[in-house]
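# Per-entry structural report
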Amino acid sequence: MAPSATADGSDNACNGKNDWEPIGCPGVYKEMLSDLRYALRGLRRNPAFAVTAILAAALGIGAATAVFSVVDRILFRGLPYAHAERIASVGMLAPLDTNEFMFAVEYFDLQRGTADKQTPFESVTAFQAGSYACDLTEQNPLRMDCLRLQANFLDTFGVAPLLGRTFTADEDHPGGPRAAMISYALWQSRFAGDPHVLGRTIPVDGTATSIVGVLPKTFEMPTLTTADVLLPLALAETERQGRALRVFARLKPGVEPPAAMAQLQPHFERAMVDVPPQFRKEISFRVRPIRDRQVGDVRLASLALFGSVVAVLLIACANIANLLLARAVVRDRELAMRAVLGASRARLARQALTESLLLGGLGGAAGCALAFVLLRVFI
């Protein structure tokens, strides 16, 4: 039924006779403020209840938020690479190394097989294991982290430079032109985000090196290694054991890592010829998704920790619900008196909702502060 009109032309829905006034009615704001002031007075009269409920909410929200912020990157958030599910880490696994590696001779053999379409990969790339300290030897010297990688590295991962280009084949050969790609952080801190930094020559370890590209802000190495400057790997095919390489490959569509590992078994057996017989039983071959390589044994622990804090959050919610129910029993006479004085059920429900929202807001704010502190501790 439509609300009846009053003598001044207004209707009952906006003149305070309806407990559920529309937002457009001026009286509803006064009643909302009145409910809020009454809720605050009620919490001041019962500080033990207020503090207990707020702390319970803060503990549940803060712990769950902080832990989720940590495990989100491990378990849920996508990696900053195009079709990251098709990128795999490839190599041999030795007892003293927890991650796969290859020597130059095995890597070039794999690369040739990929070029001839005899492997399950669209492309393979590599970089030298671990970053190393290098110096920017100009007027204001700077110690940096440098990393050497192959020219097709960014292309294999589906990453485009923010500015400029990747390395060319000539730059990735021994004795080729000296070129470098710099990180977004170094571009901002050292060069003030200068868009004309491309082509600038900087002395890296005393050797003039031309900046050819700037990496995206979100770029990260698949091994989570930090690097300020990327340099060409410049790997000669005449090298045999020499440098240990971290090798990554992009799988062909529809190919899973176990199938790729089975297909590459002959390649592994050829590589084992160069391994002394007494060590062959200790070396295995592995192809695994890049996320598995980054997470390693942390996945199970992350899931257990996340499940624990979800349980803590649910327990906190249950405790707060019990506190509210107990408080409602204590206030039974008060609510009955307000009903006798003319308050409708809807009016009483709105007051209870306002008090719950106030508690939730205060508990949420305290939980955010606690999450900020806990996250700093976790990091």
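Residues numbered from 1 in each chain as written. Predicted model: local features only at pLDDT ≥ 70, side-chain atom pairs only at ≥ 80, totals over all residues. Heavy atoms only, no water.

Core analysis: the biggest nonpolar cluster contains 28 residues, and Val90, Tyr107, Leu110, Phe121, Val247 and Phe285 have the highest contact counts within it. Looking at this core, the elements that each hand over two or more residues are strand E1 (87–93), helix H3 (104–115), strand E2 (121–128), strand E10 (245–251), helix H7 (265–271) and strand E11 (284–289). Not counting residues up to four positions away in its chain, the partners in contact with Leu110 are Val90, Met102, Thr119, Phe121, Val124, Val247, Leu264 and His267. Counting residues in each nonpolar core, the second largest holds 23 residues, with Phe127, Ala151, Val159 and Leu230 among its members. (Core = buried A, V, L, I, M, F, W, Y, C linked by side-chain atoms within 4.5 Å. Buried < 20%, exposed > 50% of the residue type's maximum accessible area, 1.4 Å probe, protein only. Helix = DSSP H or I, 4+ residues; strand = E, 2+ residues; numbered from the N terminus. Contact = heavy atoms within 4.5 Å.)

Quick look at the pairing of strand E3 (residues 132–136) now. In this structure, E3 lies alongside strand E4 (residues 142–149), joined through 5 bridges in antiparallel fashion. Paired with Cys134 across the two strands is Met144, which belongs to E4. The antiparallel hairpin formed by E3 and E4 contains 5 residues in its connecting segment. (Pairing = 2+ DSSP bridges.)

A cluster of basic side chains, namely Arg37, Arg41, Arg44 and Arg45, defines a positive patch on the protein surface. Along the polypeptide, Arg44 turns up in helix H1 (residues 26–45). (Patch = residues over 30% accessible without salt bridge, like charges linked within 9 Å, V, L, I, M, F, W, Y side chains within 5 Å. Areas by Shrake-Rupley, 256 points an atom, 1.4 Å probe, with all protein chains shown as cover. Salt bridge = Lys/Arg side-chain N within 4 Å of Asp/Glu carboxyl O. Lys, Arg positive; Asp, Glu negative; His and termini not counted. Charge placed at Lys NZ, Arg CZ, Asp CG, Glu CD.)

Note on placement: Thr119 falls in the loop between H3 and E2. On the basis of relative accessible area, Thr119 is assigned to the buried category, the value being 5%. A polar contact is formed between the side chain of Thr119 and the side chain of Thr114, at a distance of 2.9 Å. (Polar contact = N/O pair within 3.5 Å; in protein donor to acceptor, adjacent residues only side chain to side chain.)

The next thing to look at is the packing of helix H2 (residues 47–76) against helix H11 (residues 345–378). For the pair H2 and H11, the least separation of the axes is 6 Å and the interaxial angle reads 40 degrees. Taken as axis vectors, H2 and H11 run oblique relative to one another. In this structure, H2 meets H11 at a crossing whose hand is right-handed. Taken together, the residues of the contact of H2 with H11 sort by class into 20 nonpolar, 6 polar and no charged. (Axes fitted to C-alpha atoms, helices over the stretch in contact; angles between N-to-C directions. Parallel < 35°, antiparallel > 145°, perpendicular 65-115°, else oblique. Left-handed = near helix turned anticlockwise from the far one by under 90°. Nonpolar A, V, L, I, M, F, W, Y, C, P; charged D, E, K, R; others polar.)

Attention now goes to the packing of aromatic side chains. Evaluation of the coordinates by the stated rule reveals 10 aromatic pairs. Geometrically, the ring pair formed by Phe68 and Phe306 is tilted, given 5.8 Å between the ring centres and 45 degrees between the ring planes. Pair noted here: Phe68 is in helix H2 and Phe306 is in helix H9 (residues 298–330), with a separation of 238 residues, a long-range link. The class for Phe68 is partly exposed, based on a relative accessible area of 36%. In this structure Phe306 comes out as partly exposed when scored by relative accessible area, which is 21%. An angle of 65 degrees between the planes, with centres 4.9 Å apart, marks the rings of Tyr81 and Phe157 as edge-to-face. In this pair, Tyr81 sits in the loop between H2 and E1 while Phe157 sits in helix H4 (residues 153–157), placing the two residues 76 residues apart along the sequence. Phe157 carries the same exposure label as Tyr81, and that label is buried. (Phe/Tyr/Trp six-rings, centres within 6.5 Å; stacked < 30°, edge-to-face > 60°.)

To continue, consider H9. Spanning 33 residues, H9 covers 48 Å between terminal C-alpha atoms, matching the ideal 48 Å at 1.5 Å per step. Those residues of H9 that sit buried are Ser302, Val309, Ala316, Ile320 and Arg327. (Expected span 1.5 Å × (residues − 1).)

The predicted model of the chain has a mean per-residue pLDDT of 83, with 91% of residues at 70 or higher. H1 is the least confidently modelled element of the chain, averaging 73 in pLDDT, while strand E6 (residues 179–182) averages 95, the highest of any element. In the predicted structure, residues 1–13 sits below a pLDDT of 50 and forms 17 contacts with residues beyond four places in sequence or in another chain. In this model residues 15–24 is a low-confidence stretch, pLDDT under 50, and it forms 22 contacts with partners more than four residues away in sequence or in other chains. (pLDDT = per-residue confidence, 0-100.)

Below, the discussion takes up the state of the cysteines. Going through the model one piece at a time under the given rule, you end up with 1 disulfide. Cys134 shares a disulfide with Cys146; S-S distance 1.8 Å. The sign of the S-S torsion, about 70 degrees, decides the handedness of the disulfide formed by Cys134 and Cys146: right-handed. Here Cys134, found in strand E3, pairs with Cys146, found in strand E4; they are 12 residues apart in sequence, far enough to count as distant. In this structure Cys134 comes out as buried when scored by relative accessible area, which is 0%. Among the residues examined, Cys146 registers a relative accessible area of 0% and is labelled buried. With no disulfide of its own, Cys317 lies 14 Å from the sulfur of Cys368, the closest cysteine sulfur. (Disulfide = S-S within 2.5 Å.)

Another point: the packing of H2 against H9. In contact at an axis separation of 9 Å, H2 and H9 are set at 160 degrees when each is read in the N-to-C sense. Judged by the angle between their axes, H2 and H9 are roughly antiparallel. Crossing geometry of H2 relative to H9 is assigned as left-handed. The class makeup of the residues in the contact of H2 with H9 is 24 nonpolar, 3 polar and 2 charged.

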